[in-house]
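# Structural description and commentary
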Amino acid sequence: MNPSIATNLQRNPAAAAHPKHSAAIATWYWATLRPTSNQAADRFDMGRVSRNVGYAYSAREDRERCTDFKRAYKVLSGKNAPASTVCARH
């Protein structure tokens, strides 16, 4: 991450929510702190992604996130999410 951005975020943490910074922060978090999340996402294992990212366990919230993922997948790809999509944690 650019040191000037890090310094600005230290002074103004709310700026992390701005699209100018949030994508870079999310990319860094995903790739650096949760590197196995990509493999889980590639397998459509949303339960493992939820666990890796650090969401507290909630069967209801996991189902909601998975449903949201499936909707987004359909909108972005024009296809249904694969039948192999895993919503439950294991």
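Residues numbered from 1 in each chain as written. Predicted model: local features only at pLDDT ≥ 70, side-chain atom pairs only at ≥ 80, totals over all residues. Heavy atoms only, no water.

What follows is about the overall build of the protein. When helices and strands are tallied, the protein shows five helices and zero strands. Helices and strands in the protein line up, N terminus first, as α-α-α-α-α. Since a compact globule built from 90 residues should have a radius of gyration of about 12 Å, the 15 Å found for the protein marks it as more spread out than a globular shape. Within the span of the protein, comprising 90 residues, buried residues form 19% of the whole. Partitioning the intrachain contacts of the protein with sequence separation of at least 6 by distance along the chain shows that 40% fall at a separation of at least 24. For the protein, the exposed surface amounts to about 6400 Å²; the carbon and sulfur share of it is 58%. Charge-centre separation for the protein: the mean point of 14 positive side chains lies 4 Å from the mean point of 6 negative side chains. (Helix = DSSP H or I, 4+ residues; strand = E, 2+ residues; numbered from the N terminus. Rg over C-alpha atoms; globule rule 2.2 N^0.38 Å. Buried < 20%, exposed > 50% of the residue type's maximum accessible area, 1.4 Å probe, protein only. Contact = heavy atoms within 4.5 Å. Areas by Shrake-Rupley, 256 points an atom, 1.4 Å probe, with all protein chains shown as cover. Lys, Arg positive; Asp, Glu negative; His and termini not counted. Charge placed at Lys NZ, Arg CZ, Asp CG, Glu CD.)

Next up on the list: the state of the cysteines. Applying the stated rule across the entire model yields one disulfide. Through a disulfide, Cys66 is tied to Cys87; the S-S separation comes to 2.0 Å. Between Cys66 and Cys87, the disulfide has an S-S torsion of -65° and is therefore left-handed. Remark: Cys87 occurs in the segment after helix H5 (59-77) and Cys66 occurs in helix H5; sequence separation between them is 21 residues. Note on Cys66: relative accessible area 1%, which makes it buried. (Disulfide = S-S within 2.5 Å.)

What follows covers H5. The terminal C-alpha atoms of H5 lie 26 Å apart, and with 19 residues this matches the ideal 27 Å at 1.5 Å per residue to within 8%. A positive backbone phi angle near 80° is found at Gly78, which sits one or two residues after H5. (Expected span 1.5 Å × (residues − 1).)

Glancing now at the confidence of the model for the protein. Per-residue confidence for the protein averages 88 on the pLDDT scale, and 92% of its residues sit at or above 70. Element-level mean pLDDT values for the protein span from 67 in helix H1 (residues 3-11) up to 94 in H5. (pLDDT = per-residue confidence, 0-100.)

Turning next to the packing of aromatic side chains. As enumerated under the stated definition, the model contains three aromatic pairs in all. Here Phe44 and Tyr73 contribute two aromatic rings whose centre-to-centre distance is 5.7 Å and whose plane-to-plane angle is 80°, an arrangement assigned as edge-to-face. Of the two residues, Phe44 sits in the loop between helix H3 (37-42) and helix H4 (46-53) while Tyr73 sits in helix H5, which places them 29 residues apart along the sequence. Note on Phe69 and Tyr73: the rings are 5.9 Å apart at their centroids and 50° apart in plane angle, and the pair reads as tilted. On the criterion of helical spacing, the pair formed by Phe69 and Tyr73 is a turn pair, its members being four residues apart in helix H5. Exposure remark for Tyr73: the relative accessible area of 22% places this residue in the partly exposed category. Site record: aromatic cluster; members linked through ring pairs are Phe44, Phe69 and Tyr73. Across from the ring centre of Tyr55, 3.7 Å away, lies the NZ or CZ of Arg65, which sits over that ring. (Phe/Tyr/Trp six-rings, centres within 6.5 Å; stacked < 30°, edge-to-face > 60°. Lys NZ or Arg CZ within 6 Å of the ring centre and 35° of its normal.)

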